[in-house]
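# What the coordinates show
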Amino acid sequence: LKRSMTYAMLAMRANKDVLRRTMEIFASDPTVDWAKHANKHGKNQGNQDMVEWIAATKFQALEGKLDGMHPSEVLIRELQMCTTPATKEAAHDPQSGLNTLVCGRPGSIRRKLLDESRERKQEYILNEKEQVDVLVEQATDPAVLCCTYLGWGPQF
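Residues numbered from 1 in each chain as written. Predicted model: local features only at pLDDT ≥ 70, side-chain atom pairs only at ≥ 80, totals over all residues. Heavy atoms only, no water.

### Regarding the overall build of the chain
Scanning the chain from terminus to terminus reveals ten helices and zero strands. Reading the helices (α) and strands (β) of the chain from amino to carboxyl end gives α-α-α-α-α-α-α-α-α-α. The buried share of the chain, taken over its 156 residues, is 32%. When contacts within the chain are restricted to residue pairs at least 6 apart in sequence, those whose partners lie at least 24 apart make up 59%. Total accessible area on the chain is roughly 10300 Å²; 57% of this is exposed by carbon and sulfur atoms. (Helix = DSSP H or I, 4+ residues; strand = E, 2+ residues; numbered from the N terminus. Buried < 20%, exposed > 50% of the residue type's maximum accessible area, 1.4 Å probe, protein only. Contact = heavy atoms within 4.5 Å. Areas by Shrake-Rupley, 256 points an atom, 1.4 Å probe, with all protein chains shown as cover.)

### Some words on the environment of K2
By the secondary structure assignment, K2 is in helix α1 (residues 2-14). Exposure remark for K2: the relative accessible area of 38% places this residue in the partly exposed category. Remark: the alpha-carbon pair of K2 and L135, spanning 133 residues in sequence, is separated by 9.8 Å. Here K2 is in contact with V132, D133 and V136, once residues within four sequence places are set aside. Engagement of the side chain of K2 in a polar contact is seen with the side chain of D133, the distance being 3.4 Å. (Polar contact = N/O pair within 3.5 Å; in protein donor to acceptor, adjacent residues only side chain to side chain.)

### Describing the environment of I109
Residue placement: I109 occurs in helix α8 (residues 109-120). The exposure class assigned to I109 is partly exposed, which follows from its relative accessible area of 35%. Once residues within four sequence positions are removed from consideration, I109 is found in contact with D133, V134 and E137.

### Some details on α8
With twelve residues, α8 should cover 16 Å at 1.5 Å per step; its first-to-last C-alpha distance of 17 Å lies within 8% of that length. Considered for burial, the residues of α8 that qualify are R110, R111, L113, L114 and S117. Angularly, the buried residues of α8 cover 165 degrees about the axis, an arc narrow enough to put them on a single face. Residues K112 and E119 are exposed on α8 and point more than 90 degrees away from its buried face. (Expected span 1.5 Å × (residues − 1). Arc of directions from axis to C-beta.)

### Focus on the side chain of T6
Of note, T6 is situated in helix α1. Taking the relative accessible area as the measure of exposure, T6 reaches 17% and is therefore buried. T6 has contacts with E128, K129 and V132, leaving out every residue within four places of it along the chain.

Dropping the structure here:
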């Protein structure tokens, strides 16, 4: 599985422009989820502004992922832009349980790679294999799975 995922990541990185152009479709014709989110949280702004903000945050996450940014860093940045005050505050606190959940416990692959990056005081670009290792670890972490949305189900 990891080998296939690594090849898929290589292909996506090699074809960033195609993925970017595909994402632009969503910006001009937002998904139902984005529109619902804008309706729910766009009380202080116009809905269109909120939809554009959501699209911009999704584009930033995509760019980070395609550029080899650590998946935990991408997620933390997304959570820091969250409209829920408690989530936003927890995402900004490196000692919070949310931060530990996303970034991994000491000794985990994702924590090890994050710590190496922070020791260098620069953003560490993961290679495709490292990125896949982090994603698989994050997706199979029992602590993360315990916090998964109750209605979630695998899509086959």
